[in-house]
Amino acid sequence: MRPICSRVALHASFCFLLLCLSCGTLHAQRPSDTITPVRVGDQVEVQWFRTWYPATVQSYSAGIVTVEYDRGGRMTTGEFKLEDTRFPNGEGAWMVWKDSSGKFSVEARYISRTETEVKIRKADGSELTIPIDKLASDLRKQVLKVPVTGNENMIDGANPVRVGDQIEIQYFSKWYPGVVKRVLPGQVEVAYDYGTLKKEGTFPLAEIRFPNGEGRWRLWTDASEKFKVVARYISRTQDKVTIRKEDGSDVTILIALLSPNLRSLLAKTPITGEENKLDGANPVRVGDQIQVKYWFQWYDAVVTKVLPGEVEAQFKRHNRDLTERIKLTDIRFPNGEGRWREWSDASGSFTVIARFISRDETHVTIRKEDGTDSRVEIAKLNPTLRRLLAETPIITPRPRNFDFQSPRQEFEVSARAPDLEQLVISASATTQPVFGTGGTGFAISKSDSVSAAIPVGGEDQWVAVGAFSKNSSRSGGETRLYWASPKTKAVVEGPVFLDDERIVDYSAEQSRLLSVQVGGYWSQPIRFCTYRVGVGETTARAEASWEIPESKGSFGRRSQYMAKLIGGSRLLLGNDASVSLYDFATREIVYSISGVYENRFYLHPSGEFFAVMDNSGGVGVFEIDGGRQLAYRGGGRTYGSGVGFSQDGRHLLTVSGSEISIWDLFDGGQPQTLRQGGLAVGPGTPITLLSGGWISAGSQIYSTGLKLVVWNYVGKGVSIADRQMLGRQMLVAATTNVSGQAHALVGTATVPHQDAIELMKKVDPNSLVMLKPGLGVRIEASGDSRIAQGLRRAAAAQGFREDPSSEVILSGSAGPGKPEKRTYQLTSFGRIGGSQTEEHTVTPWIQKVEIRYRDQYAWGTQYGGVPSFVSFKEGGSLGAELQKSAQSSYDMFNDLKLPEELLYPRYQHGLGTTEITLNGFVDKAN
């Protein structure tokens, strides 16, 4: 096992390491003088996860030391880089020592030094003391750079830290209380509290500090240098400093009496209690209601203590009450409010300590220390404040929490509903926004990215465009709504929201905007927010917010969601394996339907029905108003299936692994089926049947006439954020960055476009099919006869005939794969994690089938491999379980299924691709 290397060794490289690391840095002697720095049997120390463990060298080669080491009472063998290996007590590695005459030469290790002499230990264990001035010149120079033994850490006349000192250590960017156990050159060994755990580790001096802003040990002198004392800085006032001496007593001294270098140092040290002061005030106070960033997510918190550069705050995380120390850079006031600072008018006669609450075009609202708010005219403030407010966007405050009543009715997707063949509805599509061909682009902040485009329509053909800062929740930025018209090229900057919000949907009928607050490293959804805003308006009014519940059994993770504003006051929401209908007018959840796969629903163009998939692959159709299930079609799909409606509302489309089914919702009956034809979809792929015999599925266009994917629309030089179909118009929203300036692009174009259609007319569909029933295949199999038998059986089942001269090759194989080395951590029921690990090397048995056209891959499947997770009963053996994956088997060939039809590899992703660029469409035929 090779332990993970720590960066401690890099920080701990002190001048003494010139004598105890690699030979290349030890001396400048001839290559013939070079010897290995460690030897078999040497008693050394090795570093693993910041802690040094005693070890015995077993071998050394090419900078890697193999040792047996004692890790907490358990002997372990491991490989370590040379820089993670050291001799104890600052001693050095093996090297050749010579005197200045060149007559004396010995292999030895550095042990210690005084002002004039150096002590070395020879291979026989005896020690030798040599005057430093008698050494060879290169050795003498190196030894003189090494501090006198015991003084390796001395700075400003003293060792900065001592055994027994109560200090704090920095570990993964956080500070933990600890006690110094041992002082080493350039680093210290510390026993520290890591949460509720007691741990020990070695830390560089740069990663330790004294608490409460106190200082390290140093020499303190007065201006005359008659008064000298080793002490630590404790605190200071305007004119006095308090220091703590070695006997534990405190002394207070006038700063004016100290030496010039100390006066200069203290002038840069804030007066105690004012370490955090900025803009005339401490930015945060005990009792403040703030938000803290903890593990990349923001939590509501209360300040319980203010410390230099950080605060102690209480907050709740995953239903646990926590008290943590948080850096000032990782706190903020909610709703875009500001920290405490000094506010003054232009004359300087009026000054008050207050916090920024909000602003509009002419006034700013601040909250004073007594809790009252004042609205101040921005023009009357001092120039610094006016400039600051000019750079502060007018942010829409997040709405208060809104309580919805529990679901009035609860349903689940039922397989007992009538079959989809029996479904007949009369509703047709409602009037959709009409768009012509056109586009517009506009500059956005260089760190911003388009995230959503919602067609609004109207005479100007407006599109609501959401953009957010890619640095959101880490280094500022905000989310903004734009109103863009591809028809008129007009762009209106709409309201601005907090940086951790993402725009989800907009309804012109409701004059309502829906957003979601996100958090965590992966920007997971936390709560929904709604705002009232009319088309083209520049400000929004906060309405409601409600928290998204954590997914069941998710260990603090929240599921993804799907949301759509419908009708005059409703929201259809997919979350936590269910779909629910929310009503803002009555503040209730009308119903909730459970058993929904991936929280997805597929809305009928009439707004009266929707479809869902369940975990078995079945498709259910429901009424929106009451949640009544109208029909169900059983599963059998493979993962990657999709559902959609035609834009006229007449047809429902379902896509399985091998075919497309088109259901007539007006007349009912059996569906029309089409071959899958290379269509690649998933539950989240928007699918719709267009006029003219086209199916749009994400970036793909499928021809119902040719029964295959004919075209793809992809971005080139742009990052596409959203694409959707409005009739035959594809609405595309994207971000591009040219010369450091980001632009949002919004445009609509007819698809498939005429050039692509003309190319398709020339295509004979049969010429694209490489393999279908009746065509010949060449079967290639080596090894066990069961492979060839399985291939022939599968080919015959699909109507293929065997032809040794065919360019279509069906091949199969079974045998050992490449050896894989894996480390497993052993766990048991009710316990997560554990210290016991096992490492195994397994050569898995791999069964594989491929179909190729000449030398081009067309299709394939494979079975076998080394599992990443293994379960076995107590008393069982991990090794025995893993060896099962190495056992020979031919089971895959007993029930092998081949695709009924295959296109030539060249056409499996369409006849061509259109790149959506800054300059329009660029076609590329396959």
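Residues numbered from 1 in each chain as written. Predicted model: local features only at pLDDT ≥ 70, side-chain atom pairs only at ≥ 80, totals over all residues. Heavy atoms only, no water.

Trainee: Can you break down the overall build of the chain residue by residue, with the values?
Mentor: Along its length, the chain carries seven helices and 67 strands. Principal axes of the C-alpha set define a box for the chain whose edges measure 105 × 90 × 55 Å. Out of the 926 residues in the chain, the part that is buried amounts to 48%. Pairs at least 24 apart in sequence give 50% of the contacts found in the chain among residues at least 6 apart. Charge-centre separation for the chain: the mean point of 109 positive side chains lies 4 Å from the mean point of 105 negative side chains. (Helix = DSSP H or I, 4+ residues; strand = E, 2+ residues; numbered from the N terminus. Buried < 20%, exposed > 50% of the residue type's maximum accessible area, 1.4 Å probe, protein only. Contact = heavy atoms within 4.5 Å. Lys, Arg positive; Asp, Glu negative; His and termini not counted. Charge placed at Lys NZ, Arg CZ, Asp CG, Glu CD.)

Trainee: Break down the side chain of S806 for me, with residues and values.
Mentor: Mapped onto the elements, S806 comes out in the loop between β59 (801-802) and β60 (808-816). A polar side-chain atom of S806 sits 2.9 Å from the main-chain carbonyl oxygen of G776. Those residues in contact with S806 that sit more than four places away from it in its chain are G776, V777 and R778. (Polar contact = N/O pair within 3.5 Å; in protein donor to acceptor, adjacent residues only side chain to side chain.)

Trainee: Quick rundown of the sheet that holds strand β29 (residues 438-444)? Include the residues and the values.
Mentor: The strands making up a sheet associate through hydrogen bonds between their backbones, and the pairing can be parallel or antiparallel. Strand order across the open sheet formed by four strands is β29-β56-β55-β54, with antiparallel pairing between neighbours. The sheet is open, and its two borders are formed by β29 and β54 (719-726), each paired with just one other strand. If you compare each strand with its neighbour and ignore which way they point, the axes differ by 15° on average. With seven bridges joining them, β29 and strand β56 (residues 741-750) adopt antiparallel strand pairing. Each residue of the ladder has a partner; that of G441, found in β56, is L745. (Pairing = 2+ DSSP bridges. Axes fitted to C-alpha atoms, helices over the stretch in contact; angles between N-to-C directions.)

Trainee: Break down the pairing of strand β35 (residues 512-519) for me, with residues and values.
Mentor: With eight of eight residues buried, β35 is to be regarded as a mostly interior element. Side chains R512, L514, V516 and V518 of β35 all project onto a buried face; the interleaved residues L513, S515, Q517 and G519 project onto the opposite face, where all are buried too. One ladder, built from six bridges, connects strand β34 (residues 501-507) with β35; its direction is antiparallel. Bridging across to β35, Y506 finds its partner in L513. Connecting β34 to the next strand, β35, in antiparallel fashion are four residues, including S511 with a positive phi near 50°. Pairing between β35 and strand β36 (residues 524-532): eight bridges, direction antiparallel.

Trainee: Break down the sheet that holds strand β64 (residues 856-863) for me, with residues and values.
Mentor: An order of β59-β58-β60-β63-β64 is seen for the five strands of this open sheet, with the pairing classed as mixed. The open sheet has two edge strands with one neighbour each: β59 and β64. Where strand β63 (residues 845-853) meets β64, seven bridges bridge the pair, whose relative direction is antiparallel. Residue R852 lies in a different strand from β64, and its bridge partner there is Y857.

Trainee: Describe in detail helix α2 (residues 137-145), supporting the description with residues and values.
Mentor: All of the buried residues in α2 are L139, Q142 and V143. Along the axis of α2, the buried positions cluster into a sector of 100°, meaning they face one direction only. Along α2, the residues that are exposed and aim more than 90 degrees away from the buried face are K141, L144 and K145. Tucked inside the fold, the buried residues of α2 contact β6 (94-98), β7 (105-113) and β8 (117-122). (Arc of directions from axis to C-beta.)

Trainee: Give me the lowdown on a nonpolar patch on the surface, citing residues and values where you can.
Mentor: Taken together, the side chains of W295, F296, Y521 and W522 make up a nonpolar region of the molecular surface, amounting to roughly 570 Å² of accessible area. Residue F296 is classed as partly exposed on the basis of its relative accessible area of 39%. (Patch = residues over 30% accessible without salt bridge, like charges linked within 9 Å, V, L, I, M, F, W, Y side chains within 5 Å. Areas by Shrake-Rupley, 256 points an atom, 1.4 Å probe, with all protein chains shown as cover. Salt bridge = Lys/Arg side-chain N within 4 Å of Asp/Glu carboxyl O.)

Trainee: Run through the pattern of salt bridges, naming residues and quoting values.
Mentor: Scanning the model with the defined rule gives 59 salt bridges in all. One salt bridge connects E91 with R109, and the closest N-O pair in it is separated by 3.3 Å. Separated by 18 residues along the polypeptide, E91 in the loop between β5 (85-86) and β6 and R109 in strand β7 bring together distant segments of the chain. We note a salt bridge from R182 to E189, for which the minimum N-O separation is 3.3 Å. Three or more residues are tied together by salt bridges with common partners; here these are E91, R109, K119, R121 and E127.

Trainee: Explain the nonpolar core residue by residue, including any values.
Mentor: Residues M770, L771, L791, L810, V849, I851 and L898 are the most contacted members of the largest nonpolar core, which totals 23 residues. Mapped by element, the contributors of at least two residues to this core are β57 (769-771), β58 (776-781), α6 (785-797), β60, β63 and β64. Among all residues touching L791, those that are not within four sequence positions of it are I779, E780, A781, L810, S811, G812, V849, F893 and L896. If you look at the next biggest cluster of nonpolar residues, it comprises 21 residues, including W711, V769, Y907 and I916. (Core = buried A, V, L, I, M, F, W, Y, C linked by side-chain atoms within 4.5 Å.)

Trainee: Can you explain the packing of aromatic side chains? Please cite residues and give values.
Mentor: Considering all chains together, one arrives at 25 aromatic pairs under this definition. Taking 5.0 Å as the distance between ring centres and 55° as the angle between the ring planes, the aromatic pair formed by Y176 and Y194 counts as tilted. Pair noted here: Y176 is in strand β11 (residues 174-184) and Y194 is in strand β12 (residues 187-194), with a separation of 18 residues, a long-range link. Take Y176: its relative accessible area is 14%, and that puts it in the buried class. (Phe/Tyr/Trp six-rings, centres within 6.5 Å; stacked < 30°, edge-to-face > 60°.)

Trainee: Give a description of the environment of L258 that names residues and reports values.
Mentor: With respect to the helices and strands, L258 occurs in the loop between β18 (250-254) and α3 (260-267). Sequence-wise, L258 and A223 are 35 residues apart; in three dimensions their C-alpha atoms are separated by 5.1 Å. For L258, the residues in contact, after removing those within four places along its chain, are W220, T221, D222, A223, V241, I253, R263 and L266.

Trainee: I'd like a rundown of the pairing of strand β45 (residues 629-633), residues and numbers included.
Mentor: Where burial is concerned, most of β45 is hidden: four out of the five residues are buried. Examined bridge by bridge, strand β44 (residues 619-623) and β45 share four bridges and lie antiparallel to one another. Within β45, the position partnered with G620 by the bridge is Y632. Between β44 and the antiparallel strand that follows it, β45, lie five residues; G627 among them carries a positive phi value of about 80°.

Trainee: Let's hear about the environment of F584: which residues, and what values?
Mentor: Structurally, F584 is set in the loop between β40 (578-583) and β41 (588-594). Along the sequence, F584 and F404 sit 180 residues apart, while their C-alpha atoms lie 8.4 Å from each other. Among all residues touching F584, those that are not within four sequence positions of it are F402, F404, Q510, R512, T530, W546, L565, S569, R570 and L571.

Trainee: Describe unusual backbone geometry, with residues and values.
Mentor: With omega at -10°, the peptide bond leading from V751 into P752 counts as cis. By secondary structure assignment, the location of P752 is in the loop between β56 and α5 (754-761). Notably, A62 is not glycine yet its phi reads approximately 50°, a positive angle. Mapped onto the elements of the fold, A62 is located in the loop between β2 (51-61) and β3 (64-71). Here A62 falls in the exposed class, since its relative accessible area comes to 77%. Here N212, not a glycine, exhibits a phi torsion of approximately 60°, which is positive.

Trainee: Now, about the environment of F645: what can you tell me, with residues and values included?
Mentor: Tracing the sequence through the fold places F645 in strand β46 (residues 642-646). Note on F645: relative accessible area 6%, which makes it buried. Residues F645 and E391, spaced 254 residues apart in sequence, show a C-alpha to C-alpha distance of 47 Å. Sequence-distant contacts of F645, defined by excluding residues within four places in its chain, comprise Y602, L603, H604, P605, A611, H651, L652, L653, L665, I687, T688 and L689.

Trainee: Describe in detail the confidence of the model for the chain, supporting the description with residues and values.
Mentor: For the chain, per-residue confidence averages 87 on the pLDDT scale, and 93% of positions sit at 70 or higher. No element of the chain has a lower mean pLDDT than helix α1 (residues 8-11), which averages 27, and none a higher one than strand β24 (residues 340-344), which averages 97. Ignoring residues within four places in sequence, the model shows residues 1-33, a span with pLDDT below 50, making 88 contacts including any to other chains. Taken as a whole, residues 829-834 scores under 50 in pLDDT and shows six contacts with residues more than four places along the chain or in a different chain. (pLDDT = per-residue confidence, 0-100.)

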